[in-house]
Number of protein chains: 4
Amino acid sequence: MKKTAFIGLGNMGGPMAQNLLKAGHQLHVFDLQQAAIDQAVQHGAIGFSNAVEAVSQVDLVISMLPAGKHVLDLYLGENGIAKDLAKDSLIIDCSTIDSSASVQLAEQLRLLNLRVLDAPVSGGVGGAKAGTLTFIVGGSAYDFEEAKEVLSAMGTKLFHAGSHGAGQVAKICNNMLLSVLMAGTSEALQMAIDNGLDAKVMSDIMLQSSGRNWTLEVYNPCPNVLENVPSSNDYQGGFMVDLMNKDLGLAKDTALNSHSNTPMGDLARNLYSEHSLQGNGHRDFSSIFEMFADKNEKE
Amino acid sequence: MKKTAFIGLGNMGGPMAQNLLKAGHQLHVFDLQQAAIDQAVQHGAIGFSNAVEAVSQVDLVISMLPAGKHVLDLYLGENGIAKDLAKDSLIIDCSTIDSSASVQLAEQLRLLNLRVLDAPVSGGVGGAKAGTLTFIVGGSAYDFEEAKEVLSAMGTKLFHAGSHGAGQVAKICNNMLLSVLMAGTSEALQMAIDNGLDAKVMSDIMLQSSGRNWTLEVYNPCPNVLENVPSSNDYQGGFMVDLMNKDLGLAKDTALNSHSNTPMGDLARNLYSEHSLQGNGHRDFSSIFEMFADKNEKE
Amino acid sequence: MKKTAFIGLGNMGGPMAQNLLKAGHQLHVFDLQQAAIDQAVQHGAIGFSNAVEAVSQVDLVISMLPAGKHVLDLYLGENGIAKDLAKDSLIIDCSTIDSSASVQLAEQLRLLNLRVLDAPVSGGVGGAKAGTLTFIVGGSAYDFEEAKEVLSAMGTKLFHAGSHGAGQVAKICNNMLLSVLMAGTSEALQMAIDNGLDAKVMSDIMLQSSGRNWTLEVYNPCPNVLENVPSSNDYQGGFMVDLMNKDLGLAKDTALNSHSNTPMGDLARNLYSEHSLQGNGHRDFSSIFEMFADKNEKE
Amino acid sequence: MKKTAFIGLGNMGGPMAQNLLKAGHQLHVFDLQQAAIDQAVQHGAIGFSNAVEAVSQVDLVISMLPAGKHVLDLYLGENGIAKDLAKDSLIIDCSTIDSSASVQLAEQLRLLNLRVLDAPVSGGVGGAKAGTLTFIVGGSAYDFEEAKEVLSAMGTKLFHAGSHGAGQVAKICNNMLLSVLMAGTSEALQMAIDNGLDAKVMSDIMLQSSGRNWTLEVYNPCPNVLENVPSSNDYQGGFMVDLMNKDLGLAKDTALNSHSNTPMGDLARNLYSEHSLQGNGHRDFSSIFEMFADKNEKE
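Residues numbered from 1 in each chain as written. Chains lettered and ligands numbered in written order. Predicted model: local features only at pLDDT ≥ 70, side-chain atom pairs only at ≥ 80, totals over all residues. Heavy atoms only, no water.

Draft legend 1. Structural detail: the pattern of salt bridges. Summed over all chains, the structure comprises 40 salt bridges over all chains. With a shortest N-O distance of 3.2 Å, Arg-269 of chain C and Asp-266 of chain B are connected by a salt bridge. Residue Arg-269 of chain C is located in helix 12 (residues 263–280), and its partner Asp-266 of chain B is located in helix 12 (residues 263–280); the two belong to separate chains. Looking at Arg-269 of chain C, the relative accessible area reads 8%, which means it is buried. The buried category is assigned to Asp-266 of chain B, whose relative accessible area is 2%. Here Asp-234 of chain D ties to Arg-283 of chain D by a salt bridge, and the two come within 3.6 Å at their closest N and O atoms. Residue Asp-234 of chain D is found in the loop between helix 10 (214–218) and helix 11 (241–258), and its partner Arg-283 of chain D is found in the segment after helix 12 (263–280); the two are separated by 49 residues along the sequence. Arg-283 of chain D sits in the buried class, given a relative accessible area of 17%. Several salt bridges converge on common partners, so that one network encompasses Asp-88, Arg-115, Asp-143 and Glu-146 of chain A. (Salt bridge = Lys/Arg side-chain N within 4 Å of Asp/Glu carboxyl O. Helix = DSSP H or I, 4+ residues; strand = E, 2+ residues; numbered from the N terminus. Buried < 20%, exposed > 50% of the residue type's maximum accessible area, 1.4 Å probe, protein only.)

Draft legend 2. Just the relation of the copies chain A and chain B, in detail. For the match of chain A to chain B, the screw axis carries a shift of 0.0 Å, the RMSD comes to 0.0 Å, and the turn is 180 degrees. The transformation just described matches what one would write down for a two-fold rotation axis. Using C-alpha coordinates, one finds that chain A approaches the rotation axis most closely at Asn-213 of chain A, a distance of 1.9 Å. When you check the interface residues of chain A against chain B, 100% turn up at the interface there too, and the contact is symmetric in its surfaces. (Least-squares fit on C-alpha atoms with pLDDT ≥ 70 in both. Contact = heavy atoms within 4.5 Å.)

Draft legend 3. Layout of the interface of chain D and chain B. Between chain D and chain B, the contact holds 12 residues from the first and 12 residues from the second. Summed over both sides, the interface between chain D and chain B buries roughly 930 Å², with carbon and sulfur atoms accounting for 49% of that surface. Linking chain D to chain B there are zero salt bridges. There are zero residue pairs in polar contact (both at pLDDT 80 or more) connecting chain D and chain B. The residue inventory of the side of chain D that touches chain B, partitioned by class, reads five nonpolar, four polar and three charged. (Buried area = accessible area lost by both parts, 1.4 Å probe. Polar contact = N/O pair within 3.5 Å; in protein donor to acceptor, adjacent residues only side chain to side chain. Nonpolar A, V, L, I, M, F, W, Y, C, P; charged D, E, K, R; others polar.)

Draft legend 4. Here's a closer look at the relation of the copies chain D and chain B. Its rotation angle being 180 degrees, the transformation that places chain D on chain B also includes 0.0 Å of axial translation and leaves an RMSD of 0.0 Å. Same-surface contact between copies: 100% of interface residues of chain D are shared with the interface of chain B.

Draft legend 5. Structural view of a nonpolar patch on the surface. Residues and elements named next belong to chain A. Taken together, the side chains of Leu-76, Leu-111 and Leu-112 define a hydrophobic patch exposed on the protein surface, amounting to about 280 Å² of accessible area. Along the chain, Leu-112 falls in the loop between helix 5 (99–111) and strand 6 (115–118). Relative accessible area serves as the criterion here: at 40%, Leu-112 is assigned to the partly exposed category. (Patch = residues over 30% accessible without salt bridge, like charges linked within 9 Å, V, L, I, M, F, W, Y side chains within 5 Å. Areas by Shrake-Rupley, 256 points an atom, 1.4 Å probe, with all protein chains shown as cover.)

Draft legend 6. Structural view of the confidence of the model for chain A. Looking at chain A, pLDDT values average 95 and 98% of them are 70 or higher. We note a pTM of 0.92 for the whole complex and an ipTM of 0.94 for its interfaces. (pLDDT = per-residue confidence, 0-100.)

Draft legend 7. Here's a closer look at the pairing of strand 9 (residues 155–162) of chain A. All names here are of chain A. Bridge count between strand 8 (residues 133–138) and strand 9: six bridges; the pairing is parallel. Looking across to strand 9, one finds that Val-137 is bridged to His-160. Each parallel crossover has a hand, and the one from strand 8 via helix 7 (residues 141–152) to strand 9 is right-handed. (Pairing = 2+ DSSP bridges. Right-handed = clockwise from strand over helix to strand, strands pointing away.)

Draft legend 8. Representation of the interface of chain A and chain B in the model. Contact residues are listed per partner, giving 54 residues for chain A and 54 residues for chain B. Summed over both partners, the interface of chain A with chain B comes to about 4,700 Å²; 67% of that surface belongs to carbon and sulfur atoms. It is Met-191, Ser-210 and Met-264 of chain A that lose the most area in chain A upon contact with chain B, and together they represent 15% of the buried surface on that side. Our enumeration of links across chain A and chain B arrives at two salt bridges. Scanning the region where chain A abuts chain B turns up 18 residue pairs in polar contact (both at pLDDT 80 or more). Within the residue set of the side of chain A that touches chain B, elements represented by two or more residues are strand 9, helix 8 (166–194), helix 9 (199–207), helix 10 (214–218), helix 11 (241–258) and helix 12 (263–280) of chain A. Looking at the side of chain A that touches chain B element by element, the count peaks at 20 residues for helix 8 of chain A.

Draft legend 9. Highlighting the packing of aromatic side chains. Applying the stated criterion across every chain yields a total of 16 aromatic pairs over all chains. Pairing Tyr-219 of chain C with Phe-285 of chain C gives two aromatic rings, centres 5.3 Å apart and planes at 50 degrees, and the pair type is tilted. Separated by 66 residues along the polypeptide, Tyr-219 of chain C in the loop between helix 10 (214–218) and helix 11 (241–258) and Phe-285 of chain C in the segment after helix 12 bring together distant segments of the chain. Owing to a relative accessible area of 12%, Tyr-219 of chain C belongs among the buried residues under this scheme. For Phe-285 of chain C, a relative accessible area of 1% gives the class buried. Ring-pair connections join several aromatic residues into one group, and the members of that group are Trp-214, Tyr-219, Phe-239, Tyr-272 and Phe-285 of chain A. (Phe/Tyr/Trp six-rings, centres within 6.5 Å; stacked < 30°, edge-to-face > 60°.)

Draft legend 10. Looking closely at the nonpolar core. Core analysis: the largest hydrophobic core is formed by 184 residues, its most contacted members being Met-264 of chain A, Met-264 of chain B, Met-264 of chain C together with Met-264 of chain D. The contact partners of Met-264 of chain D, leaving out residues within four places of it in the chain, are Val-180, Ala-183, Gly-184, Glu-187, Met-264, Leu-267, Ala-268 and Leu-271 of chain C together with Val-180 of chain D. (Core = buried A, V, L, I, M, F, W, Y, C linked by side-chain atoms within 4.5 Å.)

Draft legend 11. Layout of the side chain of Asn-175 of chain C. Structurally, Asn-175 of chain C can be placed in helix 8 (residues 166–194). By relative accessible area, which is 5% here, Asn-175 of chain C ends up buried. Side chain to side chain, Asn-175 of chain C and Asn-174 of chain C meet in a polar contact 3.2 Å long. Dropping the residues within four chain positions of it, Asn-175 of chain C is found in contact with Phe-239, Met-244 and Asp-247 of chain C together with Ser-210 of chain D.

Draft legend 12. Here's a closer look at the side chain of Asp-143 of chain C. Residue and element names in this part refer to chain C. Its place among the elements puts Asp-143 in helix 7 (residues 141–152). Within the structure, Asp-143 has its side chain in polar contact with the side chain of Arg-115 (distance 2.6 Å). Contact partners of Asp-143, with chain neighbours within four places excluded, come to Leu-90, Arg-115 and Leu-117.

Draft legend 13. Summary view of the packing of helix 9 (residues 199–207) of chain C against helix 8 (residues 166–194) of chain D. Between helix 9 of chain C and helix 8 of chain D, the least distance of the axes is 10 Å, while the angle of their chain directions is 55 degrees. Relative to helix 8 of chain D, the element helix 9 of chain C is oriented oblique. In the crossing of helix 9 of chain C with helix 8 of chain D, the sense of the turn from one axis to the other is right-handed. Residues Met-202, Ile-205 and Met-206 of chain C of helix 9 of chain C touch helix 8 of chain D, and the partners they reach there are Ala-170, Cys-173, Asn-174 and Leu-177 of chain D. Across the contact of helix 9 of chain C with helix 8 of chain D, the residue classes break down as six nonpolar, one polar and no charged. (Axes fitted to C-alpha atoms, helices over the stretch in contact; angles between N-to-C directions. Parallel < 35°, antiparallel > 145°, perpendicular 65-115°, else oblique. Left-handed = near helix turned anticlockwise from the far one by under 90°.)

Right, dumping it as structure tokens:
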């Protein structure tokens, strides 16, 4: 196994690092929060007080950061670590960032003879803890093969989407479509309810018909149709509205750059934006269902 | 088996009647087109020159007509057949019409001591010929049970959606959602392509992720991702854009009546309307995919 | 002056009748509410206990009713008054109803040798009281000329939009566009505010630029930019959200009938529908402005 | 009068510079195209072969460039001119760029003791030639006053929108609203036409009613309603679809940055994007009207 550094031990990165440690990987870790480092050290990691030291003498770096600027700064900024990495080192950036930042990173690192994969994940904090994340990877097929072992310690599905940036694009296309499925399924269910149909009956019919989609299968937005989903738990847990809004902002950036026309995704983004403006930013994204119900009736 | 009349032998009704005849049902048939009657007679039906005669001495009537006004006229119009039917006869109307017409029909027929089910189908002409239609039924559970035998001769999936009109509502909710899935999947795939990704790779990733939906599973709108689908055959065959537009018009009527807010379905309807205005009304509905591609590149 | 009957003395019809009386017209009146009749009588009208009696011996009938079914029922229903009217009488229906109902009415009345104009109004209760309504009229040019005198007693702007039903179509096209102007202006102003601009400065700039429109001129949706508008009075008074929703429903019916594609109007309708679902149905329609503000900031 | 440098002599900048020369201003000019410099010199300017030389010994710089990156590069790039400007010089950047770039520029220039205004224009090439542009200016009120003289030589309307970046925001809000007005007016007119109304009659009615807006006043999108507008000249001239798309892209950037929800503007952008994809990028933006007509009828 490679000597590995893990930078960024937040809600996602923390449990991901723990799964690597469980799988026997030796980890050098760094985070801006000392408490996050301490917790990783308790699970067997070696902690460092800055990123440069953390990556010295490793040949694989994994990063999990909030946005493109943080990623670019970590590797290429004034105190960036890229210049300290051994030639031919592999970097796996698991952050969900704009694909143009991933492409820019790859271009700069190539000049330094470093290899990089963009490897954004889906599956949320639950998947990070359970080690069941999905990794959607952009970069060379060769590097993807090399990364499989370490990614397998953190996730169960590994996709190679294409060249640099393609991991970001694929994730964001998927999540844009997901927002469309969720909003479209919600309004269809509510229209059925408004006409006197039972939400469970309607869901079952659509599940077995051409309206079938992931939200009906495992994440029904109408309360009490499925058990153990956020909608049956007052929309707690799951994937927050504001995280969906972050991804839909990235989708918009991507569409603007590629001159793509995405009316359905744009409208879903408008609906999620309005939903957040109304104070629902921290609830599960299936709570968009409530937007279609008549609030007047409740009074 | 009941003595049965079948009214309306068009593209859908014709093959449905043939499947009933194959299954051993005795059928009295009528259609406004003599040729359609002749064809059914060749398959063993007894032809009549008007609807009133066709339904005399039967205790089950099946109808398959284009729109609500035709259905209301057949049963309740000036020469309507309702008054000629024996008390307690069962009517199965398989037409896709506005749910308010189905409800109105049921109310009037109840006054005449007649029973009715609205039983719109999905599956298209192909399903009608193969006897693999889906029936989505509204009316009493008792009548639904009684209808199962005869419906099974024409279809493989039978759903009881709820009371009168619920069959129409459920079908139209499903098809509205389908239009959203198709448009949303199309734009997501095109955005991936615009960013250099392979359509098949992107489709596979979404199929195994939260973007999964019926169109990716069996009806991919991007040419040459799936075999034997309309998109791989120049969008020939399948479900025509103008039929989707008809269903989306019914969805709009339904939403207006129930004061339901359906922004995603409305936008999908706008896209399909524009697509038809551009001359694509007779192509398969997955051809909406072409709307998102850059036509300038073709020149 | 003609002997005139006025049917329908509600919020709009009541003050319209009073203005006719003020102008010296002799009015026979009827309403389902006795109190409304009594009030008109106090202003000089002659009250009747049913519509048939009210229209006997008049040669002009004006009606102001809520929906197409009421209008069709008044003239053509079981106790309809059309058969009691003298040949060549003129009917001016000021109700805002679906244009197909206006056309249907005109066709039936022509068979009875009666003349009719559809003459929906804009200007609201305020305009009805002040006698400053706008009438948008469909029917023959000859009948429009004849109607001018009586309409002038109730309004200041008289438009001849075209043949039967054109009055309804023109009003509904205008109001659909108005909903687009109001929603579009609201979101543009809020985006300026979100970026630190002053709403009044931004309004002034757009008023003098290509964004100029009626809402900026006389009905600014942002509080305290204009005086004496609903937005500066907690969105009280003016034109209620639910009345806009009624008109947008008529617009949708019209578009469905003529196979017109109206994406902007449909989206405005979705926004107004959502706004109403949130409990704003009885506020002025410029309150849509609040939909674009961040409700989280208020807490 | 100040000694002034003018950088960027394209379709807009060229005629703007000529108007300054006509008004007696002494101009040092630079452009990447030698031909553009030559043309300005013919009108009395002094040409330079690079920007640094052009701005030496001037105390006012005007720039007109395509995008934010060009502006930032001109002033702050490797060979940027900011460091060569005399303390307290005034810069008027007339480019239409993202407001965040204008803000960034202002912040950097302040550190160098330079003053700057963002002053994007509207009025197009025609307005640039005629000297009738509108300037929408962001920056200090003091600097705005100082700029009035020189701006008056190029335009007739000068607005002070607010602090740095506010000029860009105000222009982009206006143009986003304009796209909404144009699309909304187009679909309303087409719906009227689809129902048999005359486009001119409908336009006149809306002009005098609550649908009134700039497009109906001076830029009717329906051919032959107004004379001397692009729609009456096969949509030639005027403001190109792809320029509207550029502005709508800036609007989207602005909305993303300020977390503003702009559903109407987003939908207008989708329509304009689709219109461009269909090959209409170089036609006047009022050609969006054609999107709502039935292309099937033409065959």
